[in-house]
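Observations on the model geometry
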Amino acid sequence: MWSVTESESARTEWPESPPPPWPAEVKATIWWHRARPAGRALLKGRTIPITMVMVIDYLNSPVGPYREVLASPVLQRPGRGMGPMPRISVPFIAVDSETSVHGGRTHWHLPKVLADFGGDVLADASVSGEGASGDGWSVRTKAKGIGPSFPIKGVLGFAQPSDEGSLLATARLTGKARLARVQVDASGPSLGKWITPGTHFGLQIVSGRMATGVSSLLSSGQV
């Protein structure tokens with residue numbers, strides 16, 4: 001499974017999760033920045049050099065409430081079977097639910113691992129865990145909303161690399177959002193090299209309903 005050190009795991013048995021779609025109520029803080037060389041090196045091909053990171057609070061879901069952090073080092077360009085919008089590719093993703101780990105790895109080829117979460121994803125949040133090497137990692141955010149909230153409706157596409165091609169999935173979201181400034185600090189064997197510290201422009205999902213659908217394989221020959 002495509003991942004960085006912080007998302008590698010020797011554990012293979014997890015509590016079983018239900019199949020998609022997965023509807024959920026969510027809050028989230030999302031930010032982005034120009035990809036660093038270490039991020040661009042993680043995925044070759046038709047990419048856009050933008051790194052996107054998000055911390056999410058799933059207030060409810062088919063596996064209960066849980067929190068999540070994920071990062072895409074670059075975006076995959078649209079077209080050639082990818083659809084009309086850029087897609088994220090996620091080698092780092094951590095949650096505080098064992099059943100969610102099963103769901104990510106089984107249904108969407110997402111290399112989920114367990115982590116400890118603290119704080120509020122819309123304010124000050126912290127996440128920490130251990131990578132496969134035993135080295136600790138952390139992601140800390142301090143977010144501040146800018147201006148009033150506004151309605152939002154859209155989709156977030158995933159494209160997870162595999163030996164056979166790319167596993168595609170889509171999450172559809174409706175809710176209310178606001179612009180934000182996000183102060184970020186990330187550390188770890190890999191994360192510290194491609195998630196840029198400092199203050200970044202971002203977006204907060206103040207309240208939303210999201211549904212993540214089933215995945216499908218885009219084989220290498222179709223791209």
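Criteria and thresholds
Residues numbered from 1 in each chain as written. Predicted model: local features only at pLDDT ≥ 70, side-chain atom pairs only at ≥ 80, totals over all residues. Heavy atoms only, no water. Helix = DSSP H or I, 4+ residues; strand = E, 2+ residues; numbered from the N terminus. Rg over C-alpha atoms; globule rule 2.2 N^0.38 Å. Buried < 20%, exposed > 50% of the residue type's maximum accessible area, 1.4 Å probe, protein only. Contact = heavy atoms within 4.5 Å. Areas by Shrake-Rupley, 256 points an atom, 1.4 Å probe, with all protein chains shown as cover. Lys, Arg positive; Asp, Glu negative; His and termini not counted. Charge placed at Lys NZ, Arg CZ, Asp CG, Glu CD. Phe/Tyr/Trp six-rings, centres within 6.5 Å; stacked < 30°, edge-to-face > 60°. Lys NZ or Arg CZ within 6 Å of the ring centre and 35° of its normal. Pairing = 2+ DSSP bridges. Salt bridge = Lys/Arg side-chain N within 4 Å of Asp/Glu carboxyl O. Polar contact = N/O pair within 3.5 Å; in protein donor to acceptor, adjacent residues only side chain to side chain.

Another point: the overall build of the protein. Helix and strand counts for the protein come out as 3 helices and 14 strands. Compactness check: the protein gives a C-alpha radius of gyration of 16 Å against a globular reference of 17 Å for 223 residues, within 12% of the reference. Within the protein, the fraction of its 223 residues that count as buried is 48%. Here the contacts in the protein between residues at least 6 apart in sequence split such that 69% fall between residues at least 24 apart. In the form shown here, the protein has an accessible surface area of approximately 10,000 Å², with 53% of it arising from carbon and sulfur atoms. For the protein, the distance from the average position of its 23 positive side-chain charges to the average position of its 17 negative side-chain charges is 13 Å.

Right, let's talk about the packing of aromatic side chains for a bit. The final tally for this structure, using the stated rule, is 4 aromatic pairs. Relative to Tyr66, the ring of Tyr58 has its centre 4.4 Å away and its plane inclined at 15°; by these criteria the two rings are stacked. A single burial state applies to Tyr58 and to Tyr66, both of which are buried. Ring plane angle 85° and centroid distance 5.0 Å describe the contact between Phe92 and Trp137, whose orientation is recorded as edge-to-face. A residue pair is termed long-range when its members are at least 10 positions apart, and Phe92 in strand S7 (residues 92–95) and Trp137 in strand S11 (residues 136–161) qualify at 45 residues. Trp137 sits in the buried class, given a relative accessible area of 3%. The ring of Trp14 carries Arg11 above its face, with NZ or CZ at 3.8 Å from the centroid.

It is worth spelling out the pairing of S11 at this point. Sheet topology note: the strand S10 (residues 124–130)/S11 ladder contains 7 bridges and is antiparallel. The residue of S11 that forms the bridge with Glu130 is Gly136. Bridge count for S11 against strand S12 (residues 165–187) is 21 bridges, and the pairing is antiparallel. Residue pairing across strands places Ser138 opposite Ser187, the latter belonging to S12. Hairpin remark: S11 followed by S12, antiparallel, with 3 residues in the connecting loop.

Time to look at the side chain of Glu6. Assignment of secondary structure puts Glu6 in the segment before strand S1 (22–34). Put simply, Glu6 is tucked away with no salt bridge, and the nearest opposite charge, on Lys193, sits 8.5 Å away. Among the polar contacts made by the side chain of Glu6, one reaches the main-chain amide nitrogen of Leu191 at a distance of 2.9 Å.

Relative to the assigned elements, Ala177 resides in strand S12. For Ala177, a relative accessible area of 0% corresponds to the buried category. Ala177 sits 32 residues away from Gly145 along the chain, and the two C-alpha atoms are 9.4 Å apart. Contact partners of Ala177, with chain neighbours within four places excluded, come to Pro148, Ser149, Phe150, Ile152, Leu203, Gln204, Ile205 and Val206.

The next point concerns the pairing of S12. As paired elements, S12 and strand S14 (residues 216–219) share 4 bridges and run antiparallel to each other. Bridging from a neighbouring strand, Ser166 pairs with Leu218 of S14.

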